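Notes for the structure review
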Amino acid sequence: MSRKPIIAGNWKMNLLQSEAKALFDGIKDFAKGFSESQLPGIVIAPTFTSLSAVASEKCNCGAGCDKIAIAAQNCHWKSSGAYTGEVSVEMVKDAGCDYVIIGHSERRQYFSETDEMINLKAKSILAGGLIPIICCGETLEQRESGITDSHIASQIKAALDGISSEDVAKSVIAYEPIWAIGTGKTCDANEANRVIAMIRNVVKEVAGVSAADSIRILYGGSVKPSTIEEQMSKSDIDGALVGGASLTAESFNEIIANTMKVSV
Ligand code: PGA
């Protein structure tokens, strides 16, 4: 089965509104030159404060740039109430989002997010009609002690617990080895593909063959224009979640262009 790849840019806590708009415009200008079917799915994840500004730059010209989707980098699972500092699914949807990144290792590490919270978020995002990009990954210590697969399988099972097969099918997973994030150390493409195939097997176990065939599973961790072609040539890697290299239009567009050379 052929799955349309996704190249997603996680801007993390970077860029003021004017800078975010300018970066979005640089990606839009590139995507304008192609039809939707020529491009991978393009998703960009600005900070909460830039979501509306970036969404207002979206156009309706009919070319590929129309289809650039916006993701929030987090959300709360409750719809409203006394949760100071939090933002609901309906709020990010209202600001123009189609996707929400959840379970990023930085949120797990610095904000104590648990598998249970990530599951609640995934359910709430899907119920709100948006798509979760569910992150998982192992630390260097876990890799060295040989528990990479069991750790990731348990993260994925917990995240997808109680979600219907149809909803799992439209979700996105990002495999991001923590030791490869922001370090310049990319996971070997064969090894990333092996782990992603293992994740697909876990999805098959919990949601069935059709969901496992449809779900897009991305690789993340120091993805660069020079690494993406090899990564995209692998059987199970359906795209990339890009941090540092998504912060300039030049490198992000090059990642998209190089993806188009091998797949789409
Ligand atoms: P990186 O970040 O590309 O800078 O390694 C990836 C991520 O954290 O999603």
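Residues numbered from 1 in each chain as written. Predicted model: local features only at pLDDT ≥ 70, side-chain atom pairs only at ≥ 80, totals over all residues. Heavy atoms only, no water.

Some words on the overall build of the protein
Broken down by element type, the protein carries 12 helices and 8 strands. Relative to its length of 264 residues, the protein is compact, with a C-alpha radius of gyration of 17 Å against a globular reference of 18 Å. A buried classification covers 54% of the 264 residues belonging to the protein. Of the contacts formed within the protein by residues at least 6 apart in sequence, a portion of 76% connects residues at least 24 apart. (Helix = DSSP H or I, 4+ residues; strand = E, 2+ residues; numbered from the N terminus. Rg over C-alpha atoms; globule rule 2.2 N^0.38 Å. Buried < 20%, exposed > 50% of the residue type's maximum accessible area, 1.4 Å probe, protein only. Contact = heavy atoms within 4.5 Å.)

A short note on the nonpolar core
The nonpolar side chains of a soluble globular protein tend to be buried, and buried together. Counting 70 residues, the largest nonpolar core has Ile-27, Ile-44, Ile-156, Ile-199, Val-203 and Tyr-219 as the members making the most contacts within it. Ignoring any residue separated from it by four or fewer positions in sequence, one finds Tyr-219 in contact with Tyr-175, Pro-177, Ala-180, Thr-186, Cys-187, Ala-192, Ile-196, Gln-231, Ile-237, Gly-239, Ala-240 and Leu-241. Residues Ala-69, Ile-101, Ile-131 and Ala-174 belong to the second largest nonpolar core, which totals 15 residues. (Core = buried A, V, L, I, M, F, W, Y, C linked by side-chain atoms within 4.5 Å.)

A closer look at the packing of aromatic side chains
Using the criterion set out here, one finds 2 aromatic pairs in the structure. Measuring from centroid to centroid gives 5.2 Å for Phe-30 and Phe-34, while their planes differ by 50°, and the two rings are tilted. Its relative accessible area of 21% is what places Phe-30 among the partly exposed residues. The exposure class of Phe-34 is partly exposed, given its relative accessible area of 25%. When the ring centre of Phe-111 is taken as origin, the NZ or CZ atom of Arg-107, which lies over that ring, is 4.3 Å away. (Phe/Tyr/Trp six-rings, centres within 6.5 Å; stacked < 30°, edge-to-face > 60°. Lys NZ or Arg CZ within 6 Å of the ring centre and 35° of its normal.)

What about the sheet that holds strand 4 (residues 99-102)?
Strand order in the closed barrel made by the 8 strands is 1-2-3-4-5-6-7-8, with parallel pairing throughout. Strand-to-strand twist across the sheet, computed as the mean angle between neighbouring axes with direction ignored, equals 25°. As defined by bridge partners, strand 7 (residues 216-220) adjoins strand 8 (residues 239-242) across 2 bridges and the pair is classed as parallel. Counterpart to Tyr-219 in the pairing with strand 8 is Ala-240. Along the sheet, helix 5 (residues 115-127) contacts strand 4 and strand 5 (131-136); its crossing angle with strand 5, the most-contacted strand, is approximately 160°. (Pairing = 2+ DSSP bridges. Axes fitted to C-alpha atoms, helices over the stretch in contact; angles between N-to-C directions.)

Points about the site of the ligand
What surrounds the ligand is a group of 13 residues, the closest being Lys-12, His-104, Glu-176, Gly-182 and Ser-222. In the environment of the ligand, an oxygen atom lies 2.7 Å from a nitrogen or oxygen atom belonging to the side chain of Glu-176. (Near = heavy atom within 4 Å. Polar contact = N/O pair within 3.5 Å; in protein donor to acceptor, adjacent residues only side chain to side chain.)

Quick notes on the pattern of salt bridges
Overall, the coordinates contain 16 salt bridges when judged by the stated rule. Residues Asp-238 and Arg-3 are paired through a salt bridge, measuring 3.0 Å at the closest nitrogen-oxygen approach. With a gap of 235 residues between them, Asp-238 in the loop between helix 11 (225-232) and strand 8 and Arg-3 in the segment before strand 1 (6-10) connect regions that are remote in the sequence. When sorted by exposure, Asp-238 lands in the same class as Arg-3, which is buried. Glu-57 is the partner of Lys-21 in a salt bridge, and the nearest nitrogen-oxygen pair spans 3.9 Å. (Salt bridge = Lys/Arg side-chain N within 4 Å of Asp/Glu carboxyl O.)

Description of the environment of Ala-20
The topology assignment puts Ala-20 in helix 1 (residues 17-31). The class of Ala-20 is buried, set by a relative accessible area of 1%. Ala-20 sits 30 residues away from Ser-50 along the chain, and the two C-alpha atoms are 6.6 Å apart.

Thoughts on the packing of helix 1 against helix 12 (residues 249-262)
Contact geometry for helix 1 and helix 12: axes closest at 9 Å, N-to-C directions at 35°. Every pair of crossing elements has a handedness; the one defined by helix 1 and helix 12 is right-handed. Touching Leu-23, Gly-26, Ile-27 and Phe-30 of helix 1 are Ala-249, Phe-252, Asn-253, Ile-256 and Ala-257, all from helix 12. Tallied by class, the residues present in the contact of helix 1 with helix 12 amount to 7 nonpolar, 2 polar and no charged. (Left-handed = near helix turned anticlockwise from the far one by under 90°. Nonpolar A, V, L, I, M, F, W, Y, C, P; charged D, E, K, R; others polar.)

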